[in-house]
Amino acid sequence: MNITNIENSKNKFEKVKLDFKDSKYATGRRKQSVARVWVKKGTGKIFVNGKEMNKYFKRPVHQILVVKPLQEINAPTGYDVKCNVRGGGLSGQAGAIIHGLSRALVSFDSSLKKSLKKNKLTTRDSRKVERKKYGRRKARRSFQFSKR
């Protein structure tokens, strides 16, 4: 590897410095993931863990899920969003961002609560993975039965 390749790889993972001083904060949770979300008026940019949302969530399904609260209030380009997410997989992280973003939007403007609550975006999804039980292969699945 030459020096230019090393410099290019450093630039790829450089975190973006954002100014979110006049913003509203909320926490969202889903499965094992916890998202800390800051929202302010802006141009519609969404950053997750210092990266752009499209770079962090490569699957279009996750990208659509994250933008859902902004689309419900008919303002997909009205707010800038900064998220720090920890724990779980990508689906759980996307769900945690939805929860935190909708709560932050409600704290930003309380008139949005009705439309977000109607679509169940402000409610925490309490489903978690069920634990494995002894004498079974998984949580509920039993071992294969053998007659002889």
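Reference entry: report on the structure contained in this document. (Residues numbered from 1 in each chain as written. Predicted model: local features only at pLDDT ≥ 70, side-chain atom pairs only at ≥ 80, totals over all residues. Heavy atoms only, no water.)

## As for the layout of surface pockets
Then, number 1: Taken as a whole, the largest pocket holds about 310 Å³ of empty space.
Then, number 2: If you trace the largest pocket, you find 16 residues lining it, with Arg 30, Gly 95, Ile 98, Lys 120 and Asp 125 closest to the centre.
Then, number 3: The set of elements that each furnish at least two residues to the lining of the largest pocket consists of strand S1 (24–30), helix H3 (60–72) and helix H4 (90–108).
Then, number 4: The dominant element in the lining of the largest pocket, judged by the number of residues it contributes, is H4, at five residues.
Then, number 5: Its residues assigned to classes, the lining of the largest pocket comprises three nonpolar, six polar and seven charged. (1 Å grid on protein atoms, 1.4 Å probe; cavity = no way out; pocket = protein on both sides within 12 Å on 5 of 7 lines; lining within 4 Å. Points joined across faces, edges and corners; volume = space filled by probe spheres on them. Helix = DSSP H or I, 4+ residues; strand = E, 2+ residues; numbered from the N terminus. Nonpolar A, V, L, I, M, F, W, Y, C, P; charged D, E, K, R; others polar.)

## Thoughts on a positive patch on the surface
Then, number 1: The grouping of Arg 29, Arg 103, Arg 124 and Lys 128 at the surface amounts to a positive patch.
Then, number 2: Secondary-structure assignment places Arg 103 in helix H4.
Then, number 3: By relative accessible area, which is 38% here, Arg 103 ends up partly exposed. (Patch = residues over 30% accessible without salt bridge, like charges linked within 9 Å, V, L, I, M, F, W, Y side chains within 5 Å. Areas by Shrake-Rupley, 256 points an atom, 1.4 Å probe, with all protein chains shown as cover. Salt bridge = Lys/Arg side-chain N within 4 Å of Asp/Glu carboxyl O. Lys, Arg positive; Asp, Glu negative; His and termini not counted. Charge placed at Lys NZ, Arg CZ, Asp CG, Glu CD. Buried < 20%, exposed > 50% of the residue type's maximum accessible area, 1.4 Å probe, protein only.)

## A closer look at the pattern of salt bridges
Then, number 1: Taken as a whole and judged by the stated rule, the model has four salt bridges.
Then, number 2: Residue Lys 133 pairs with Glu 130 through a salt bridge whose shortest N-O separation is 2.5 Å.
Then, number 3: Note on Lys 133: relative accessible area 26%, which makes it partly exposed.
Then, number 4: Note on Glu 130: relative accessible area 37%, which makes it partly exposed.
Then, number 5: Taken together, the shared-partner salt bridges in this structure form one network comprising Arg 30, Asp 125 and Arg 127.

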